[in-house]
Each structure stands twice: as C-alpha cells, then as structure tokens.
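Architecture and fold: a report
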Amino acid sequence: MDNSLVLNLDWLAFSVRLIPSPREKDNHGFTLNIEDAERQGFRVLVLGGTNIYACRAVIYYRGAKCMTVLWQPFSRVIPFDSMLCEVANEFLYGRYVSLNGVEFHGLLWALELVGVLHPCQFLCLSRVDIACDFQLSPARAGFVRKLAANEIYVQRASEGSMFHVFDVRDSSVSRWPKQISWGSKRSNIKWKLYNKSLEVFEYVNEGGRQVRHCNKPYIVERWCEAGFDDSNVWRLEVSITPLAKYTHRGRGVTFRDMSNWFFLEDLFGCLYETKFVCRLNQGHKDRSNDKQVWLLGKYSDAVKVRPKETLDSRGSSAYISGLRAAMKQRSLPEVQGNTALLELWTGAAIDCVLIGNLQDYFLHTYGVTIEHINEITEVCCD
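Predicted model, so just to flag it, every value in this text is computed and none were measured.

Definitions and limits used
Residues numbered from 1 in each chain as written. Predicted model: local features only at pLDDT ≥ 70, side-chain atom pairs only at ≥ 80, totals over all residues. Heavy atoms only, no water. Buried < 20%, exposed > 50% of the residue type's maximum accessible area, 1.4 Å probe, protein only. Helix = DSSP H or I, 4+ residues; strand = E, 2+ residues; numbered from the N terminus. Pairing = 2+ DSSP bridges. Core = buried A, V, L, I, M, F, W, Y, C linked by side-chain atoms within 4.5 Å. Contact = heavy atoms within 4.5 Å. Axes fitted to C-alpha atoms, helices over the stretch in contact; angles between N-to-C directions. Patch = residues over 30% accessible without salt bridge, like charges linked within 9 Å, V, L, I, M, F, W, Y side chains within 5 Å. Areas by Shrake-Rupley, 256 points an atom, 1.4 Å probe, with all protein chains shown as cover. Salt bridge = Lys/Arg side-chain N within 4 Å of Asp/Glu carboxyl O. Arc of directions from axis to C-beta. Disulfide = S-S within 2.5 Å.

Re the pairing of strand β4 (residues 64-73)
The element β4 is extensively covered by neighbouring structure, given that 8 of its 10 residues are classed as buried. With 8 bridges joining them, strand β3 (residues 53-61) and β4 adopt antiparallel strand pairing. Among the inter-strand pairings, Tyr53 is bridged to a residue of β4, identified as Pro73. Hairpin remark: β3 followed by β4, antiparallel, with 2 residues in the connecting loop; positive phi at Arg62, about 55 degrees. Inspection of the sheet shows β4 paired to strand β5 (residues 82-87) by 5 bridges, in the antiparallel sense. Its bridge partner being in β5, Leu70 is matched across the sheet by Leu84.

Shown next as structure tokens:
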C-alpha cells in the first residue's frame, strides 16, 4: 500500500477461559490475584460491573490505564468462566511493558498479565480494529464529498450513517462530512471514515483565549514521525467482531499476529481491497459494471479474508443438531436431578462430538473442551 499511510491497531479485545481453583468451584465465582499483579508494578482497581458482566477491574501501569478485564457474565449465552480483556488504546501505540523480568515490545504482555491475575487459557480474539491514517489531499477530499453525496457508494453496504460539520458564512451555510460509517449492529465487519484531527484536538478556554488541546498525543506523535500536517488527518478504520470467526491466507489469526506490523498491514490491505469496494454510482442494472474507484489506491496482493470453514456437510449438520438437542435436554432441571438421565444425555452429547469431529465447535460454542462437559449445567438455545 501507499507508504504515506500510517497504520496501527486501534482496538484489541480478547477472551480467556478462567481455570477455577477448588474453592472457586465451590463458591461459583472467581477472585483475581491482585497482590501478584501489584508486586509486578501494576495497580488494579476493582470497580462495579456492567449490564453484561458482574465484575470489572481496571489495571494501570506507571500511571496509565493499560487494560480492562470483565468476568462473571450475567447471560447464559456467555460461558460462565470466560473473561473479556480489553487493551487500553494508548498501549496499542507502542508503549513498552515490563513483566516477570521481561520487557515486552509487542502485545504479548497482555496475555502474560491476565495469567498473573488468574490461571487461564486463551480462547479467541473478540474484537480487533485496524486504523489507517492519511492526509486529506484535494483528490481524497473530492472522493469523500462524492461518498457523502452518494456519487460513490460502498459495494454491498446496506446500512450506514453520516455526521456533518456546518460552516456558517455571511451569505450561506455549507456542509462538510466529518464521519461516514458502513455496517449495521449485526455486521461482523464495519467501516468508518472520519476526520481524526477533529477528534483528537479540541479547543479549551485558558485565560480568556482558545487553546488547542490534544487528548491523544501518542497518536499525533505517529503523525509527526510520518511528516503529517496534524490539522488535516483523516482515518479509514475497519472493525472485525469477532476476528476469531475468520481466516486469513488459509489460517486462523493468532494473538501473536497482533504484534506483527507486516501481518496487520497485509490484513488491512486485503480487507480494504475486498470488503471496502467503492464504485461510481453510474446506475447500471448490474452493479459490477459501475466503475471501481479507490480512496487510498489499489492493494495488489489482496486475498479475501474468509469465514472459517463451517461444518456444513449433511453429516456434520446432523451431529450439530443432535449435540444441541442433547445439551438442551441435559440442562433441564429434571434431568440435572436424575443421575441416570443426566448420564444418558451427556453420553449422547459426547458421542455427537466424537463421531462428528466437533471438538473445535464444542469449545467455541460452550467455552470448554468436551472433557469438561460436566461443568456445564445451563445452556441457552435458540
């Protein structure tokens, strides 16, 4: 891609499975090893929960927030022993972290830190945002205007939103887009194009005069390194939720990939080329005949980022249906209270997994391996 672009990870959330101690099993809850983390130089504040998780903690490193963790979900859809971990935005922009005697220059410190807080097993990447910052040249400004006027559209986007700023002159009022987004709440891949300079700078009154204040200096530092005019930077951002659902170049995306700039550049380039397809609104009945145009130029080595292979053969589908039925039956109170029936339906579920080769499906759906099926007492089914 264009060397003048500045690319960075802008959101990283991942899930782990907490491994309970015997006492935690008896108490049906989890307790963080706060003292162990604080001996490593972190500060852990346990705060009130959210409408999804009963427990929440914010972790600081050298005075700056580095991570938020949430655990003990209210919903039966989320495995009871899962923890959602969100890395703070500033620590996605190159801050180093020392932990267990090692200085981490990537993001593996985040997994290490969660392991200090509680024994756990990595489950999946939940949400990943990749941001591409660029200078708004006259040509790109014209492209943005055409997107706002629907003279250019994004292929296959059925929902979106747009926000504007207004310039009030003596004789007229002009309108200029400041943010355009594509994707609905149900979309796994969403795009947003917006004026990043307008977001990171604000004017505050100091001593009777307006002073420009920057609320994210670590981002502006990247712009300065690239020689950007910090008053004229726009961002194209893609959000993938969950990234665990997709493969890239034939394999799943790993946590280690999140520290590999070349991998992130390639992933963004492929998503941009195949999922942010822009065309002139020329009115052809066959939309593929509308001329394709590019905001940031072409990415020559693009491949499609694909959903992971689903178990869509008739045999696999039958075993999935059988597994879901067995898991629903074994969660019924009358079955949980009857040892013979519980063993019957548990055996049926295990047979479906082993015969249908559904081990990965079971782990992804229920949050534990099939060997730990007896830990599951409640299941939410469609």
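A closer look at the nonpolar core
Leu12, Phe14, Met67, Trp109, Trp191 and Met258 are the most contacted members of the largest nonpolar core, which totals 87 residues. Leu12 has contacts with Cys85, Glu86, Val87, Leu92, Leu107, Leu125, Arg127, Val128, Phe255 and Met258, leaving out every residue within four places of it along the chain.

What about the sheet that holds strand β1 (residues 6-18)?
What the 10 strands build is an open sheet, ordered β2-β3-β4-β5-β1-β8-β15-β12-β11-β10; its pairing is antiparallel. The open sheet has two edge strands, β2 (42-48) and β10 (160-168), and neither has a second partner. On average, each strand axis in the sheet is tilted by 20 degrees relative to the strand beside it, whichever way the strands run. Relative to the sheet, helix α3 (residues 108-117) contacts β1, β2, β3, β4, β5 and β8 (120-135), its axis offset from that of β4 by approximately 55 degrees.

Notes on a nonpolar patch on the surface
On the surface, a nonpolar cluster with roughly 340 Å² of combined accessible area is contributed by Phe166, Val168 and Val173. We classify Val168 as exposed; its relative accessible area is 61%.

Digging into α3
All buried positions along α3 are accounted for by Trp109, Ala110, Leu113, Val114, Val116 and Leu117. End-on, the buried residues of α3 take up no more than an arc of 155 degrees, which puts them together on one face.

Considering the sheet that holds strand β16 (residues 246-248)
Overall, antiparallel pairing links the 3 strands, which are arranged β17-β16-β20 in an open sheet. For this open sheet the edge positions go to β17 (251-252) and β20 (306-307), each flanked by a neighbour on one side alone. Sheet topology places β16 next to β17; 2 bridges connect them, and they run antiparallel. For Thr247, the partnering residue across the bridge sits in β17 and is Gly252.

Re the pairing of β3
Side-chain direction in a regular strand flips from residue to residue, so the side chains alternate between the two faces of the sheet. In the sheet, β2 pairs with β3 via 7 bridges, with the strands oriented antiparallel. Each bridged residue has a counterpart across the sheet, and for Arg43 the counterpart in β3 is Tyr60. In textbook terms, the turn of a hairpin is the stretch between consecutive antiparallel strands, and for β2 and β3 this stretch comprises 4 residues.

A short note on the state of the cysteines
Scanning the model with the defined rule gives 0 disulfides in all. Of all cysteine sulfurs in the structure, the one in Cys224 sits closest to Cys214, which takes part in no disulfide; the separation is 9.0 Å. Residue Cys214 is classed as partly exposed on the basis of its relative accessible area of 22%.

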